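Coordinates in review
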Amino acid sequence: MAHNQRNIIDRTWDFFCSLKLTIITLLLLAITSIIGTVLQQNASPEEYIREYGQSNYELFVKLQFTDMYHSWWFVGILALFSANLICCSIKNFPRAWKFVTSPALIAGEGTLKNSVNRAEFSSKEEPQQLAQRLAGTLEKAFTKPTLTEDDGKLHLFAQKGIYSRFGAYITHLSILVIMLGAIMGTVWGYKAYVNIAEGTSTAQVWPRGSQTPMDLGFEVRCDDFTVTYYDGTQRPKDYTSDLVVIDNGQEVIKKTIEVNDPLTYKGITFYQSSYGPAGNASFKVQVKVRESGEVLNLRVVQGQNTPLPGGYAFAVTDYAPNYDRFGPAAQLRVNTPNGQQGAPFIVLQQFPQFDEKRAGIFSFTLAGYDEPPMYTGLSVAKDPGVWVVWVGCFMMVFGSCGAFFFSHRRIWICLDEQNGKTRVRVAASAHRNQPAFSMAFDEMKKDLAQTIENKA
Amino acid sequence: MTSSLFFNITTFGYFASMVMFIAYVATRSNAVAMIARVTGGAGFVANTIAIGLRWYESYQLLGVDGRAPLTNLYESVVFFAWSILLVYMLIDFKYKQPSVGAFVLPFAFISMIWAQLSLSNAIDPLVPALQSNWLTYHVITCFLGYAAFAVACGVSIMYLIKIGKEEKHADESPIGGILGVFPSTKVLDDINYKAIMIGFPLLTLGIVTGAAWANYAWGTYWSWDPKETWSLIVWFVYAAFLHARFTRGWVGRRAAWLSIIGFAATIFCYLGVNLVLSGLHSYGGA
Ligand code: HEM
């Protein structure tokens, strides 16, 4: 019974350590991820029903396809994937660590006889002295070796690139670090947005998917918002907002932000995201009562009815900064005392006499106007996990380069007495990229042979 | 001297090189292989000059708003062709197997001819979202990675052709004919692996720089938009490929198929997402 239990635990452990599980989870993640790129995520129920029908929509909801990257089954695969990473690292790391703590200073007979990269020489020179000279050659051609004496034999051992044994572990760890950073961001951070009209300030932002605002703990004011266009085109060149952070009544930061250049204060970052008009344009209009010659100077807001003598009223219904190349223009309408709307007509700022020609009780002149104030739309993000994610990415790039492009290379030389001569046996190995190492070893072999001959 | 002249020379050079590499496979003449290499190299030089000139022209046209020529579909496709040649020449320098060129140059030629014939080569100023140095790092790393995957795919196709024939004629010793000039299946498998080993860290870096840029521009480093997700799918496939090397039963034929599937996913990530799916990325609907 106990034996059986052991068996099950062992088998479960092996399952979680296995490379086959790695390949399967990787491919499973690849295949399932496709769903979310084909089916729009987090759309409204109406959209899904319109596109796919009621019953399909219900199926999607049951399978959590409408937010699949956060579904239990996708997160489940990710968890399996992490468990696999952790288990295989626990299993294999001690073996890799052994290369550091107890390097194989002495090559076994098997290594000396069967290595792909090996050589054998003999010399009349005395072992101790030859070993010293070979050590010098190795140091020049490879790296400084360690000399060990054992059982009447002399052993030289040199190694390079041991850190590359850890490339895979660093890479694997980096994936967990990135996931940790992502979780930290979800738990302790938030994404929000806020619209601030020019000249106003706010101390609250609206978290995504929430109806209630949250306090920032300080105030942000937008002094100005500007859109610039490339010369002679409608292609936007820049959206910029002049922001001021006010904390405890003090202006602490002033910065002009734009897309790709946000502002950060106390871990909260404000990104330029959208913009729009906040309110209406206003106009300076001069009204002349034809009969009496009376002149009124009025300030009106677009869309608002403004009373005129005799129970009449008028409103500016539209405007254009440059109407048919005649310059600024406004479209007006006059309402009769019984509320009847008159036909719209146009007045031009640069041609004040223009409206005189229109028959009517009043004549209008546009004396000036102000564009509507703008609001700037800001994305607001707090993500205390983001630096952990970057550390993870850094580890991943360096770890994988270490794992792929470097290898742990080792050379052993064993000197012993054989028939009154000194026998020199050389073996070498690389844990990766063997062909290149074999070429390097052939070069080293020549150096060693030369060293031996020079004295022999 | 304009960039479009040099892009035409590039297209012609890659076409000539492709034809000569195929001729090499048919004739096994070393002289033909040499001509193929030289025309391919000349095409690469022209491609480099063309990209450089286009960079210069963007400053002439847009003044201070000039920018590195890596910002729209046309520019990315010609850079893709350039990257394929770069990776191919590195591999050729190491392995000296001209028959591989017959399976790699077509990717570069198809890219160039498609860009020249059906993509707009207008130099437009950048919308605000693209005005970032991250864009340059992101595009360079991604496309060098893609190019390495293209080479791996070409080699995998050769592998599948060769292993199929080898298994059918297992009794007849050395395979003659056209397949005789192919490198051995062992070498093909090795080139496949090496190319992906170069491409994978570059793709990783491409995803990381993309995430860094997104974070800088919008405050989210990952939002599961289709382009991002597909780049991750590609990453998963090649990660599976690399781990498959450590298990028996997954090398050889299955590895070659994984490499081809990986490249198909790469192309979908690059083009399919923009042309078929919708997303945030800029050169959609081109
Ligand atoms: C994506 C999630 C990953 C998982 C779940 C995973 C899992 C594994 C597993 C289970 C092994 C088996 C170790 C053994 O049996 O000896 C392994 C080995 C390895 N993995 Fe990964 N891995 C992942 C990502 C990566 C990445 C991204 C890289 C490289 C950039 C990588 C590089 C390696 C290397 C080089 C080995 C061989 C280690 C050795 O024996 O020297 N892995 N991985």
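Remember, predicted model here, so these are calculated numbers, not experimental data.

A word on the overall build of chain A
- When you go through chain A residue by residue, the secondary structure sums to 10 helices and 20 strands.
- Its C-alpha atoms give chain A a radius of gyration of 40 Å, clearly above 23 Å, the size a compact globule of 456 residues would have.
- Dimensions of chain A, computed from C-alpha atoms along their principal axes, come out at roughly 135 × 65 × 45 Å.
- Out of the 456 residues belonging to chain A, those deemed buried represent 42%.

Observations concerning the packing of aromatic side chains
Residues and elements named next belong to chain A.
- A complete count under the given rule lists 51 aromatic pairs over all chains for this structure.
- Measuring from ring centre to ring centre gives 5.3 Å for tyrosine 52 and phenylalanine 60, while their planes differ by 80°; the resulting arrangement is edge-to-face.
- On the basis of relative accessible area, tyrosine 52 is assigned to the partly exposed category, the value being 33%.
- With relative accessibility at 11%, the residue phenylalanine 60 sits in the buried group.

A look at the site of the ligand
- Neighbouring residues of the ligand: 20 residues in total, closest Thr22, Phe81, His172 and Ser400 of chain A together with His243 of chain B.
- Around the ligand, the neighbouring residues derive from chains A and B rather than from a single chain.
- Within the side chain of histidine 172 of chain A, a nitrogen or oxygen atom sits 2.6 Å from a nitrogen atom of the ligand.
- Elements represented by at least two residues in the shell around the ligand include exactly helix 2 (19-38), helix 5 (72-101), helix 8 (167-188) and helix 9 (386-405) of chain A together with helix 7 (226-244) of chain B.
- A total of 5 residues in the shell around the ligand trace back to one element, the largest contributor, which is helix 5 of chain A.
- Residue classes in the shell around the ligand are distributed as 12 nonpolar, 7 polar and 1 charged.

Focus: the coordination of the iron atom of the ligand
- Every protein donor of the iron atom of the ligand is listed here as His172 of chain A (NE2) and His243 of chain B (NE2), and their distances to the metal cover 1.9 Å.
- On the basis of relative accessible area, histidine 172 of chain A is assigned to the buried category, the value being 16%.

Quick look at helix 7 (residues 127-141) of chain A
Residues and elements named next belong to chain A.
- Relative to the 21 Å expected for 15 residues at 1.5 Å per residue, helix 7 spans 20 Å between its end C-alpha atoms, a close match to the ideal helical length.
- Buried within helix 7 we find Pro127, Leu130, Ala131, Leu134, Ala135, Thr137 and Leu138. Relative to the axis of helix 7, the buried residues are bounded by an arc of 165° and lie together on one face.

Points about the pairing of strand 15 (residues 329-335) of chain A
Residue and element names in this part refer to chain A.
- Of all 7 residues making up strand 15, 6 are buried, and the element is well covered by its neighbours.
- Pairing between strand 15 and strand 16 (residues 345-348): 4 bridges, direction antiparallel. Across the sheet, residue alanine 329 finds its bridge partner in strand 16, namely leucine 348.

What to know about the interface of chain B and chain A
- Each partner contributes to the interface: chain B provides 47 residues, whereas chain A provides 46 residues.
- Roughly 4000 Å² is buried in total at the junction of chain B and chain A, and carbon and sulfur atoms are behind 71% of that figure.
- Of all residues in chain B, Tyr221, Trp224 and Phe236 of chain B bury the most surface against chain A, accounting for 17% of the area lost on that side.
- Applying the counting criterion to the chain B and chain A interface returns 0 salt bridges.
- Run the count over chain B and chain A and you get 5 residue pairs in polar contact (both at pLDDT 80 or more).

Some thoughts on a nonpolar patch on the surface
- A cluster of nonpolar side chains, namely Tyr323, Phe326, Phe351 and Phe354 of chain A, defines an oily patch on the protein surface of about 380 Å² accessible area.
- Its place among the elements puts phenylalanine 326 of chain A in the loop between strand 14 (313-320) and strand 15.

Details of the nonpolar core
- Of all hydrophobic cores here, the largest spans 120 residues; its most connected members are Tyr14, Phe143, Tyr146, Val151, Trp235, Phe236 and Tyr270 of chain B.
- For this core, the element with the most residues is helix 5 (residues 133-168) of chain B, which contributes 17 residues.
- Sequence-distant contacts of tyrosine 146 of chain B, that is, excluding residues within four places in its chain, are made with Phe80, Leu203, Phe263, Thr266, Cys269 and Tyr270 of chain B.
- Counting 24 residues, the second largest nonpolar core, distinct from the first, contains Phe121, Ala158, Ile413 and Phe441 of chain A.

Regarding the domain arrangement of chain B
Residues and elements named next belong to chain B.
- Assigned domains of chain B: these are domain 1 (1-126) and domain 2 (143-286).
- Between domain 1 and domain 2, the C-alpha centre-to-centre distance is 20 Å.
- Counting from both sides, the interface comprises 25 residues of domain 1 and, opposite them, 31 residues of domain 2.
- Our count for the domain 1 to domain 2 interface comes out at 4 residue pairs in polar contact (both at pLDDT 80 or more).

So, the domain arrangement of chain A
- Per the domain assignment, the segments of chain A are domain 1 (2-91), domain 2 (103-161 + 407-455), domain 3 (190-279 + 375-382) and domain 4 (282-372).
- Taken over C-alpha atoms, the centre of domain 1 of chain A sits 66 Å from the centre of domain 4 of chain A.

Some remarks on the pattern of salt bridges
- Applying the stated criterion across every chain yields a total of 20 salt bridges over all chains.
- Between glutamate 443 of chain A and lysine 446 of chain A there is a salt bridge, with its nearest N and O atoms 3.2 Å apart. Within this pair, glutamate 443 of chain A and its partner lysine 446 of chain A are both found in helix 10 (residues 434-455), separated by 3 residues, close to a single helical turn.
- Here arginine 67 of chain B and glutamate 75 of chain B are joined by a salt bridge, their closest N and O atoms 3.3 Å apart. For the residue pair arginine 67 of chain B and glutamate 75 of chain B, the accessibility class agrees, reading buried in each case.
- Linked through salt bridges whose partners overlap, the residues forming this network are Glu109, Lys113, Lys153, Asp416, Arg423 and Arg425 of chain A.

Things to note about the sheet that holds strand 15 of chain A
All names here are of chain A.
- Ordered in space as 13-14-15-16, the 4 strands form an open sheet in which the pairing is antiparallel. Of all the strands in the sheet, just strand 13 (306-307) and strand 16 have a single pairing partner and so form its edges.
- Where strand 13 and strand 14 come together, 2 bridges link them in antiparallel fashion. Paired with threonine 306 across the strands is phenylalanine 314, a residue of strand 14.

Focus on the sheet that holds strand 19 (residues 409-418) of chain A
Residue and element names in this part refer to chain A.
- Strands sit in the order 1-20-19-3-2 across an open sheet of 5 strands; the sheet is antiparallel. Strands at the two margins of the open sheet, each flanked by one partner only, are strand 1 (117-123) and strand 2 (146-150). Sheet twist, expressed as the mean angle between neighbouring strand axes with direction ignored, is 20°.
- In the sheet, strand 3 (residues 153-160) pairs with strand 19 via 7 bridges, with the strands oriented antiparallel. Considered in strand 19, the bridge of glutamine 159 is made with arginine 410.
- Strands strand 1, strand 2, strand 3, strand 19 and strand 20 (421-430) of the sheet are contacted by helix 7, whose axis makes an angle of about 165° with strand 19.

Cut-off values and rules
Residues numbered from 1 in each chain as written. Chains lettered and ligands numbered in written order. Predicted model: local features only at pLDDT ≥ 70, side-chain atom pairs only at ≥ 80, totals over all residues. Heavy atoms only, no water. Helix = DSSP H or I, 4+ residues; strand = E, 2+ residues; numbered from the N terminus. Rg over C-alpha atoms; globule rule 2.2 N^0.38 Å. Buried < 20%, exposed > 50% of the residue type's maximum accessible area, 1.4 Å probe, protein only. Phe/Tyr/Trp six-rings, centres within 6.5 Å; stacked < 30°, edge-to-face > 60°. Near = heavy atom within 4 Å. Polar contact = N/O pair within 3.5 Å; in protein donor to acceptor, adjacent residues only side chain to side chain. Nonpolar A, V, L, I, M, F, W, Y, C, P; charged D, E, K, R; others polar. Donors = N, O, S within 2.8 Å, 3.2 Å for Na, K, Ca; no water. Expected span 1.5 Å × (residues − 1). Arc of directions from axis to C-beta. Pairing = 2+ DSSP bridges. Contact = heavy atoms within 4.5 Å. Buried area = accessible area lost by both parts, 1.4 Å probe. Salt bridge = Lys/Arg side-chain N within 4 Å of Asp/Glu carboxyl O. Patch = residues over 30% accessible without salt bridge, like charges linked within 9 Å, V, L, I, M, F, W, Y side chains within 5 Å. Areas by Shrake-Rupley, 256 points an atom, 1.4 Å probe, with all protein chains shown as cover. Core = buried A, V, L, I, M, F, W, Y, C linked by side-chain atoms within 4.5 Å. Domains from an automatic or database assignment. Axes fitted to C-alpha atoms, helices over the stretch in contact; angles between N-to-C directions.

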